[in-house]
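Geometric and topological summary
Letter by letter, the chains look like this.
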Amino acid sequence: MEPAAGRKLYVVTQTSEAAAVAQQPPKPGRGSRIRVHRAWFVAAVTFVTIIGAAAFRSVPGLLIDPLHDEFDWSRGTIGAAVSVNLALYGLTAPFAAALMDRFGIRRVVAVALTVIALGSGLTVWMTAAWQLMLCWGLLVGLGSGSMALAFAATVTNRWFTERRGLVSGILTAASASGQLIFLPLLSWIVERHDWRPAAVTVALAALAVVPFVWLLLRDHPADVGQKPYGATEFVPKPAPVPGAARRAVTVLFSAARTGPFWLLAGTFAICGASTNGLIQTHFVPAAHDHGMPLTTAASLLAVIGVFDVVGTIASGWFTDRFEARRLLAVYYSLRGVSLLFLPLLLVTPGVQPPMIFFIVFYGLDWVATVPPTLALCREQYGEDSAIVFGWVLASHQVGAALVAFLGGLARDTFGSYDVVWYASGALCAVAALMALVIRRRGVGAEAMA
């Protein structure tokens, strides 16, 4: 009979071995088939989530004229509400990235979608401009900020070590895909049934995505016993990080001591000014000023979304293979040239071949700047790159907010948007030069300490 001490040692040894095995990712059997990595399913859920949340991004440009006609609010006042929305979209992003580290991606995104639905739904009963500021500016701004590109950056950093450029391009393109889906629908609703059913549609679209997030999204590969895609070793799930707001501010102060941060923030502010603040907010009313029907103008903006998907995914592929700084310089230069020609194209109310060329050309460049900007943040700031990118995104939205307001003010003052197109084209040339100045050597952990 085996001695008791021997049996005890044997049991302890077996228990230790079992615990060690439990901490390792499951290994496929000899006859098992090759399966698609779970990271791609998480990316797919993230893509659908961003599409659903993108409904609110399609509405501001469609509401300027209807709200002006119904409430007699100036375009500057409506643009101010949009600017609050855009600014909060950016300023919330770095805190959202830190909150995802603390409470998990799934909880933060589910709450954010609910807040978006609440803010959009409440606009149906508004009667004063401050209510537009509260509902569309504050609530939708806070909710959408938590669904910003920092969400895509967090998912990419946790679930992928390879194909990060491609994945970030695909997830960035999700917003454009949502625009493609919702813009024609919402513009048709506004023309046929007023703006209130469009606001309700946005609220329902945000709520519809919540079950997908809660049931299918996972915070970390370790939650399902897998390695990140492309990783050679199993990565344990890190412990929740307390002090989310403090960490976001600490990372900002550390990054702000480095030159690349200010160059990235400056270029991305110009990016926001020339896309979300300018084209997305003011293209539809500007085209409508020249006699183009609302649905036609919105459909052209949706077509930009089609080519944005192609351009952003291609940009992610390029980012995995080419120098990110040079890519940014090319993107901003081409965007600036296209904006300088836009006032000439808007003279005629019809959709002529030059306008179609602009839509295709501009669409390919719309958010192509995101993958190389993400790559530069990752190169410079390592593990803090998602939060740093959140602050860089904040500058993007501050630039967008300024032009959303100034564009409406310029329309009220000058009777046209021409001065805004020309100024934005010149700013894009400045952004191209700034991108080339960013140094190639990474900052490293020492500079962030």
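Before reading on, note that the structure itself is shown above.
Quick caveat: nothing in here was measured; it's all calculated off a predicted structure. (Residues numbered from 1 in each chain as written. Predicted model: local features only at pLDDT ≥ 70, side-chain atom pairs only at ≥ 80, totals over all residues. Heavy atoms only, no water.)

Describing the overall build of the chain
Helix and strand counts for the chain come out as 19 helices and zero strands. Considering the chain as a whole, with its 449 residues, one finds that 55% of them fall into the buried category. For the chain, the computed accessible surface area is about 19300 Å², with 68% contributed by carbon and sulfur atoms. (Helix = DSSP H or I, 4+ residues; strand = E, 2+ residues; numbered from the N terminus. Buried < 20%, exposed > 50% of the residue type's maximum accessible area, 1.4 Å probe, protein only. Areas by Shrake-Rupley, 256 points an atom, 1.4 Å probe, with all protein chains shown as cover.)

Describing the packing of aromatic side chains
One pass over the structure, following the stated rule, counts 12 aromatic pairs. A centroid spacing of 5.8 Å and a plane angle of 55° characterise the contact between Phe160 and Tyr229, whose relative ring orientation is tilted. With Phe160 in the loop between helix H7 (149-159) and helix H8 (164-193) and Tyr229 in the loop between helix H9 (195-216) and helix H10 (244-255), the pair connects residues that are 69 residues apart, well separated along the chain. Judged by its relative accessible area of 0%, Phe160 falls in the buried class. Joined through ring pairs, the aromatic side chains of Trp40, Phe160 and Tyr229 make up one cluster. Against the face of Trp214 rests Arg106, its NZ or CZ located 4.7 Å from the ring centre. (Phe/Tyr/Trp six-rings, centres within 6.5 Å; stacked < 30°, edge-to-face > 60°. Lys NZ or Arg CZ within 6 Å of the ring centre and 35° of its normal.)

Structural notes on the nonpolar core
By size, the foremost hydrophobic cluster in this structure holds 88 residues, and its most contacted members are Leu67, Ile279, Phe283 and Met355. With 10 residues, the single largest contributor to this core is helix H17 (residues 385-414). What Leu67 contacts, discounting residues up to four positions off in sequence, is Asp72, Trp73, Ile78, Met126, Leu132 and Trp195. In terms of nonpolar packing, the next biggest core, distinct from the first, is built from 30 residues, Val42, Trp159, Ala203 and Val210 among them. (Core = buried A, V, L, I, M, F, W, Y, C linked by side-chain atoms within 4.5 Å. Contact = heavy atoms within 4.5 Å.)

Details of the environment of Ile438
Tracing the sequence through the fold places Ile438 in the loop between helix H18 (418-437) and helix H19 (444-448). Expressed as a C-alpha distance, the spacing of Ile438 and Pro260, which sit 178 residues apart in the sequence, is 5.6 Å. The contact partners of Ile438, leaving out residues within four places of it in the chain, are Pro260, Leu263, Leu264, Arg325, Leu376 and Gln380.

Some details on the packing of helix H11 (residues 259-274) against H18
Closest axis-to-axis distance for the H11/H18 pair is 9 Å, and the angle between their directions is 155°. Relative to H18, the element H11 lies roughly antiparallel. As for how H11 packs across H18, the hand of that crossing is left-handed. On H18, the residues touching Trp262, Leu263, Gly266, Thr267, Ile270 and Ser274 of H11 are Leu427, Cys428, Val430, Ala431, Met434, Ala435 and Val437. In the contact of H11 with H18, the residues fall into 10 nonpolar, three polar and no charged. (Axes fitted to C-alpha atoms, helices over the stretch in contact; angles between N-to-C directions. Parallel < 35°, antiparallel > 145°, perpendicular 65-115°, else oblique. Left-handed = near helix turned anticlockwise from the far one by under 90°. Nonpolar A, V, L, I, M, F, W, Y, C, P; charged D, E, K, R; others polar.)

Structural notes on unusual backbone geometry
Phi at Asp72 takes a positive value of approximately 60°, unusual for a residue other than glycine. Note on placement: Asp72 falls in the loop between helix H3 (60-71) and helix H4 (75-103). Given a relative accessible area of 64%, Asp72 falls into the exposed group. The backbone of Asp194 shows a phi angle near 80°, a positive value even though the residue is not glycine. Within the secondary structure, Asp194 sits in the loop between H8 and H9.

Some details on the layout of surface pockets
Looking at the largest pocket, its volume works out to about 720 Å³. Lining the largest pocket are 29 residues, with Asp101, Arg158, His220, Pro238 and Glu383 positioned closest to its centre. Elements supplying a minimum of two residues to the lining of the largest pocket: H4, H7 and H17. With five residues, H4 is the largest single contributor of residues to the lining of the largest pocket. Tallied by class, residues from the lining of the largest pocket come to 12 nonpolar, seven polar and 10 charged. (1 Å grid on protein atoms, 1.4 Å probe; cavity = no way out; pocket = protein on both sides within 12 Å on 5 of 7 lines; lining within 4 Å. Points joined across faces, edges and corners; volume = space filled by probe spheres on them.)

Some points on the pattern of salt bridges
When charged atoms on two side chains of opposite charge get close, those side chains can pair. Throughout the structure, instances matching the rule amount to six salt bridges. Between Glu323 and Arg325 there is a salt bridge, and its shortest N-O distance comes to 2.3 Å. Classification of Glu323 by relative accessible area gives partly exposed; the value is 22%. Connected via shared salt-bridge partners are Glu70, Asp194 and Arg196. (Salt bridge = Lys/Arg side-chain N within 4 Å of Asp/Glu carboxyl O.)

Quick look at the state of the cysteines
Under the criterion given, the structure shown has zero disulfides. Lacking any disulfide linkage, Cys271 is separated from the closest cysteine sulfur, that of Cys428, by 8.1 Å. The buried category is assigned to Cys271, whose relative accessible area is 2%. (Disulfide = S-S within 2.5 Å.)

Observations concerning H4
Between its first and last C-alpha, H4 extends 39 Å over 29 residues, near the 42 Å set by a 1.5 Å rise per residue. Of all the bends in H4, the largest measures some 35° and sits at Ala93, one to four residues before the proline Pro94. (Expected span 1.5 Å × (residues − 1). Bend = angle between axes of the 7 residues up to and from the residue.)

Here's the deal with helix H15 (residues 353-365)
Since the α-helix advances by 3.6 residues per turn, residues separated by three or four positions end up pointing in the same direction. Its 13 residues give H15 an end-to-end C-alpha distance of 19 Å, which sits within 8% of 18 Å, the value for a rise of 1.5 Å per residue. Taken as a whole, H15 has its buried residues at Met355, Phe358, Ile359, Tyr362, Gly363 and Asp365. Along H15, the residues classed as buried sweep out an arc of 160° about the axis, all on the same side. Projecting away from the buried face of H15 at angles above 90 degrees are the exposed residues Pro353 and Phe357. Elements in contact with the buried residues of H15: H11, helix H12 (276-289), helix H13 (294-319) and helix H14 (324-345). (Arc of directions from axis to C-beta.)

Read these as geometric descriptors, not functional statements.
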